[in-house]
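Spelled out from the first residue to the last, the chains are:
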Amino acid sequence: MLTLSTPLKWMAGTLAAVLLMAAFFFGAGRGQQHSAPAFSLARAMADVALLARAPRPIASEANGQARAHIVARLTEMGVKAQVQTALAQHNTIDRRRNLQVALGMVHNIVAVVPGTAPDHASRPALLLATSYDTGERSLGAASAAPVAALLEALRMLTKAPRPANDIVVLFADGERVGGLGSRAFAGQHRLAGRIGLVIRFDSAGSAGSPLLIGASGDSAVAVRGWATAVPGARGGAALQDLYKDLPGVQMGDLAHLGSARLHLANVEGSNGSGIGSRDTVARLSPATVEQTGAAMYALMRHFGDADVLVPRSVSKAAAKAGAVLYFDLPGFGVVSYSLDAVWAFTRLACLMLVIVCVLAIDRGEVSVREIVDAALGFVAIAAVLVLAAALVWNLLPSLHRGYDARNVGAGMRDFWFLGGFAALGTALFVVLQRRFRRAVGHGAAALGPLLAATVLLLVLSWQMPQASYTLVWPLIGTLLAYGVLYAPQISGFGTMANIRRAAVLGAGAVPALWILAPLLKDMYVITSPERSELPMIVLALLLGMASVLLTAQRRFIVRGLGVAGIACFAVAGSASPYGASALPQPNRMVYLKDAATWRAYWMMPNAALDAWSRGFFPEGARARLQVDPFGWNSGPVWLAVAPRTAVEFPAMASVSDVDDGNQRHVRFTLSTKAAVPFVDLVLSGAETYKTSVNGRPLSDQRSAGYSISLYGMGGQTLDFRFDLESDKRAVIDVHERRPGLPAEAAAERPAGLQPPLTPMTATTIATDSLVFM
């Protein structure tokens, strides 16, 4: 009979504890395929095409046309829609105390599918939300995708038996200018108080299936329901903070509704956050629309029919107790467990590391100092990997000529870059780790990376507990394998048969491969090849978990990885990152009518002129620095005198100006025009203390810089009151902006001229200033 020594009993007990705790805490689920009416991809893509004909920013004509189409589609399917018209405001202030106020009239579309339960009106309701507006320069095909998918999912719902619970649907307006739509719904709509569960869908790209990018509140039931209902459910809590920075992705004030919130979005195929003109229907993946619609229908069906939906609100303590972390394991499903369990698993991993280190030290193979040195060496190797990736990108610009992730988005061959970084990073890791192994020994070289990862795990468990799973389970798997190899009754690293050693080490590395490899890919999608620091750190952690296996390979593996990396970079750099066709561009031509000079101008940022734009500027003209109107830091612009048109100047008037020695109290009016959707006011020369418009408070905090953006506030007289810094000259500049150029002054751009320009992205601006001496 086999008798276990004390250390081996510790390892067996640890394994049993892991299994018992996992069984207790885990909720794992696979999405179930339910019978449902057919999703019409053709109908959904037709909706996308109609919505994405032109940019549809808040208050624009295209925004109104999109709203009318959505309401008409809802009416066709028998779903009663209401347009919530409300004034909403969002303030932001930066570290230099520059305050930006966004104030706009939003038009949210709200629809309700009544439940069949006798008490449905008193039950918590399910809210599905998305947004239908865009920025001023983007066609917004990607953001139209969840709108079209939700319309089609609702049509499917009307063809099936109605759910038991009420389902509220929100198509929010004004989300691209500070989340004004969600703020108006959460703060002013009568249905907001009935919401129990919020599920929001956004789009941060033109491809990929919808991921769960955020879960908050008492989310345990909601996350398990999502994992059960949605086929192929994917998502990881570790990247929640990174997802929040993606363009077009925000929960907004919906985060204050209900007791739980789920946030889903597709994130692949980025269109950039700069010019946004690449966000076209042609680039949108139809599979993304279909997968998004399928997920929406599955969630409406699951939570709509739930006997007990999550309550409308819970205490902070209950929300904290019900908060979960979640991640998907390829081929297995979604795993979730309470955040309260994070420290239990972290302590377990730390205990296992101590046991393995004691076993190794007891065998005389390592010392504490050597393990610490190896951990510091691993950190240095990880830093070298990060630096190497940055050097490859920055010193070899020919590999990515024309690449611009910020403005244009993801390239066609981004994953070839990932393959190159991963192969060369792995080769570099193996070379450096082998050399380090010679200096500190095999045991220390194996345990050093685990010590470094454990320290990082402690930091994550403290600061980002939702990301702790990325290290705790890879560590537990690897430490179990090392514990088996180091156990006294089992031959250790040096004597165990190579095949058995490799099998044990391979089994121990499975959790790391299962969790960290998908994380590497998802993080790379978010950050792009230009910002490969975080992906390379994840790669180093993954390699550190398998360092014994990797460093045991013969030298030809390093050569093979090097060749593979070079081949990947060669493929990635062999063609333009965005294809041979000219990229769509916004029309940057501006017609400026300036009251200060009583003249009109054509203006355009410094760029190559095409045959159409060349006609606006005199022969031989060139872009110059225009110091007087724009200042020394503005950069060169094309500027030419334009014909005067019927475009009117802003109608401003000073009402009063009183300086009491402590503060200066100024009052002025602005009569806005119905045809002008956007108005910007910028105050310079004096700090502000308190501001209001038509009696509505705008700000009550001291700010060094101050600006207001008004949306949909045309056709009225606005009465502004500002409390300013005393005895300072204050200037208020007003810019009234509208899409397009005056038809009587600008010739139509010939069709087929390259590059293609996004419609309605040229701008007409009328400016005036009010000076308080």
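Small disclaimer: the values here were computed from a predicted structure and weren't measured. (Residues numbered from 1 in each chain as written. Predicted model: local features only at pLDDT ≥ 70, side-chain atom pairs only at ≥ 80, totals over all residues. Heavy atoms only, no water.)

## Let's talk about the overall build of the chain
On a plain count of helices and strands, the chain comes out with 19 helices and 25 strands. Computed over C-alpha atoms, the radius of gyration of the chain comes to 30 Å, within 12% of the 28 Å expected from 2.2 N^0.38 for 773 residues, which places it in the range of a compact globule. Overall, the chain is about 100 × 70 × 60 Å in size when its C-alpha atoms are taken along their principal axes. Here the chain, with 773 residues, has 54% of them falling under the buried criterion. Contacts spanning at least 24 positions in sequence make up 80% of the contacts within the chain whose residues lie at least 6 apart. As displayed, the chain offers around 32700 Å² of accessible surface, 58% of which is attributable to carbon and sulfur atoms. Within the chain, one finds 67 positive and 52 negative side-chain charges whose respective centroids are separated by 7 Å. (Helix = DSSP H or I, 4+ residues; strand = E, 2+ residues; numbered from the N terminus. Rg over C-alpha atoms; globule rule 2.2 N^0.38 Å. Buried < 20%, exposed > 50% of the residue type's maximum accessible area, 1.4 Å probe, protein only. Contact = heavy atoms within 4.5 Å. Areas by Shrake-Rupley, 256 points an atom, 1.4 Å probe, with all protein chains shown as cover. Lys, Arg positive; Asp, Glu negative; His and termini not counted. Charge placed at Lys NZ, Arg CZ, Asp CG, Glu CD.)

## Considerations on the confidence of the model for the chain
Low-confidence regions, as indicated by low pLDDT, have predicted coordinates that should not be scrutinised in detail. Across the chain, the average pLDDT comes to 89, with 91% of residues at 70 or higher. Taken element by element, the chain is modelled with least confidence in helix α1 (residues 6-25), mean pLDDT 47, and with most confidence in strand β5 (residues 167-172), mean pLDDT 98. (pLDDT = per-residue confidence, 0-100.)

## Things to note about empty space enclosed by the protein
Here the structure, examined in full by the defined rule, presents four cavities of 30 Å³ or more. What the largest cavity holds in volume is close to 160 Å³. What lines the largest cavity is a set of 15 residues, and nearest its centre among them are Gly 236, Asp 328, Tyr 469, Leu 519 and Asp 522. Of all elements in the fold, only β9 (324-329) and α15 (498-527) reach the threshold of two or more residues within the lining of the largest cavity. For the lining of the largest cavity, the leading source of residues is α15, giving five residues. Residue classes in the lining of the largest cavity are distributed as ten nonpolar, two polar and three charged. If you add up the space inside the second largest cavity, you get close to 50 Å³. If you trace the second largest cavity, you find it lined by Thr 478, Ala 481, Tyr 482, Leu 505, Gly 508, Ala 509, Met 545, Ala 546, Ser 547, Val 548 and Leu 549. Taken together, the elements giving at least two residues each to the lining of the second largest cavity come down to α14 (469-486), α15 and α17 (547-551). Split by residue class, the lining of the second largest cavity holds eight nonpolar, three polar and no charged. (1 Å grid on protein atoms, 1.4 Å probe; cavity = no way out; pocket = protein on both sides within 12 Å on 5 of 7 lines; lining within 4 Å. Points joined across faces, edges and corners; volume = space filled by probe spheres on them. Nonpolar A, V, L, I, M, F, W, Y, C, P; charged D, E, K, R; others polar.)

## What to know about the packing of helix α10 (residues 342-362) against α14
Where α10 meets α14, the axes come as close as 9 Å, and the angle between the chain directions of the two elements is 25°. The angle between α10 and α14 places the two elements in the roughly parallel class. For the crossing formed where α10 meets α14, the hand is left-handed. Facing α10, whose interface residues are Phe 345, Thr 346, Leu 348, Ala 349, Met 352, Leu 353, Val 356, Leu 359 and Ala 360, α14 presents Val 472, Trp 473, Ile 476, Leu 479, Leu 480, Tyr 482, Gly 483 and Tyr 486. When the residues that make up the contact of α10 with α14 are grouped by side-chain class, the tally is 15 nonpolar, two polar and no charged. (Axes fitted to C-alpha atoms, helices over the stretch in contact; angles between N-to-C directions. Parallel < 35°, antiparallel > 145°, perpendicular 65-115°, else oblique. Left-handed = near helix turned anticlockwise from the far one by under 90°.)

## Remarks on the sheet that holds strand β17 (residues 663-671)
If you walk across this open sheet you meet the five strands as β16-β17-β22-β19-β20, and the pairing is antiparallel. The open sheet has two edge strands with one neighbour each: β16 (651-659) and β20 (696-699). Here the strands of the sheet are splayed against their neighbours by 20° on average, with no regard to which way each runs. By the bridge criterion, five bridges tie strand β19 (residues 688-693) to strand β22 (residues 717-725) in an arrangement that is antiparallel. Residue pairing for β22: Val 693 is matched across the bridge by Phe 720. (Pairing = 2+ DSSP bridges.)

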